[in-house]
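Secondary and tertiary structure notes
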Amino acid sequence: LRGSPTSPMMVPVSRDGPLVCTYQQEGLWLVQQLDPTSAAYHIGFATRLRGAMQVPALERALRALVARHEALRTRFVAVDGLPRQVIDPPPAALTLPVVELAQAQVERWATDIIRRPMDLATGPLYRIALARLAPDEHVLVVVVHHVIADGLSARILVEELAALYAAGTTGDEAQLPDLPVQPADHAAWQRGWLTGGELERQLGYWRERLADLPTVDFPTDRPRPARPTGMGAGVGRRLPDDLAAGARAYARRNHVSFLAVLQAALLVVLNRYTGQTDLPIGSVFSGRTRAELEPLVGY
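Starting afresh in each chain, residues are numbered from 1 along the sequence in its written order. Two thresholds apply to this predicted model, a pLDDT of at least 70 for residue-level local features and 80 or more for giving and counting side-chain atom pairs, whereas whole-chain, interface and lining totals are computed over all residues. For the side-chain quantities, the full set of heavy atoms in the structure was used; hydrogens and water were omitted.

Considering the pattern of salt bridges
Each salt bridge in this description consists of a side-chain nitrogen of Lys or Arg and a carboxyl oxygen of Asp or Glu lying within 4 Å of one another. In the structure shown here, the tally under the stated rule is 16 salt bridges. Close ionic contact of E70 with R15 constitutes a salt bridge, the shortest N to O distance being 2.9 Å. Of this pair, E70 sits in the loop between α2 (55–68) and β2 (74–79) while R15 sits in the segment before α1 (23–34), and the two are 55 residues apart along the sequence. Bridged by salt links that share partners, the residues R15, E70 and D185 form one connected network. The helix and strand labels rest on DSSP assignments: H or I over at least four residues marks a helix, E over at least two residues marks a strand, and numbering proceeds from the N terminus.

What follows is the structure in structure tokens.
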């Protein structure tokens, strides 16, 4: 949902009492109520760290990160049947659990941390753990619930944690962008703007665009379960460098996004398997249409 010259300015709002959620957070909160133990919306990643590790400096960096980003201190309580955000104060200290593991144990350990349920009402909605494989080799696991973060947030977390840790080991100050607003301010802005005629205008656009969409009759290797399980898999394949460079050059020559070129290839494959020519597909969109949202951890 794009900002426009007529949309209001995004400004900080009072933190007294529970705060409204965005429409996206409200929807994800509802999904979580249907299956509170599901880890389908956990965003988890592991980073291998080589070299001497200063755990106290890493703990200070993590505390600074949590203090800087309100999303990491946010939980969601029900008020009259609707979710409201509660932002807790920054922790006085943050202790990072460290376990000694062999290389063969890392994947199971990380998977357990990522899949362990989170309680949206009690929080915290992030989890961080460190495994020591050798004196100079560690694995850091970070998992956040999607209701407080997105894919771009993961990159922000890694980059800022690295900057804060590096600064902490040298006594310097990390050079991080200012955060004039936080996700709770964005939620109040969205609720104030997307209402009445503007909300109906945007909803009407998508009702028209998505009306009468056909079902993609794609052959699968097993029947769809009666209830979604969240289970799935990813397949990675490295393409030749010249092919990737050629695809990017094609996108530039034709003034289209690289994503559009990739989607065109996917549509060709789907057409060959289904015989259909009208194929609705989707792609991830960050929703960050305003500059002040770019440096935020949030959803």
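Moving on from the model shown.
Re the nonpolar core
Nonpolar cores were defined as sets of buried Ala, Val, Leu, Ile, Met, Phe, Trp, Tyr and Cys residues, with membership established by side-chain atoms within 4.5 Å. Residue exposure (1.4 Å probe, protein chains only): buried if accessible area is under 20% of the type maximum, exposed if over 50%, otherwise partly exposed. Counting 50 residues, the largest nonpolar core has L58, L72, F76, W109, L140, V144 and I148 as its most contacted members. For this core, the secondary structure elements donating two or more residues are α1, β1 (42–50), α2, α3 (106–115), β5 (126–134), β6 (137–145) and α4 (151–170). Counting residues in each nonpolar core, the second largest holds eight residues, with M10, W189, W193 and L194 among its members.

What to know about the packing of aromatic side chains
Each Phe, Tyr or Trp ring, with Trp reduced to its six-membered ring, pairs with another whose centre is within 6.5 Å; inter-plane angles below 30 degrees give stacked pairs, above 60 give edge-to-face pairs, and intermediate values give tilted ones. Summed over all chains, the structure comprises three aromatic pairs. Centroid distance W189 to W193: 5.2 Å. Interplanar angle 35 degrees. Geometry classified as tilted. You can see W189 and its partner W193 sitting in helix α5 (residues 183–193), four residues apart, about one turn around the helix. Both residues of the pair, W189 and W193, belong to the buried class. Ring geometry for F218 versus Y273: centroids 5.4 Å apart, planes at 45 degrees, classification tilted.

Examining the side chain of E70
Overall, the relative accessible area of 14% leaves E70 in the buried class. In what follows, a contact means two residues having at least one pair of non-hydrogen atoms within 4.5 Å. Once residues within four sequence positions are removed from consideration, E70 is found in contact with R15, I87 and Q182.

Digging into a nonpolar patch on the surface
Together, Y205, W206, L210 and L213 give the surface a local cluster of nonpolar side chains, amounting to about 420 Å² of exposed area. Structurally, L210 is set in helix α6 (residues 196–210). Note on L210: relative accessible area 47%, which makes it partly exposed. The residues that make up patches have over 30% relative accessible area and no salt bridge, and they are joined within 9 Å when like-charged or within 5 Å when they are Val, Leu, Ile, Met, Phe, Trp or Tyr. In these tables, accessible area is a Shrake-Rupley quantity obtained with a 1.4 Å probe, and a residue counts as shielded only by the protein chains included in the view.

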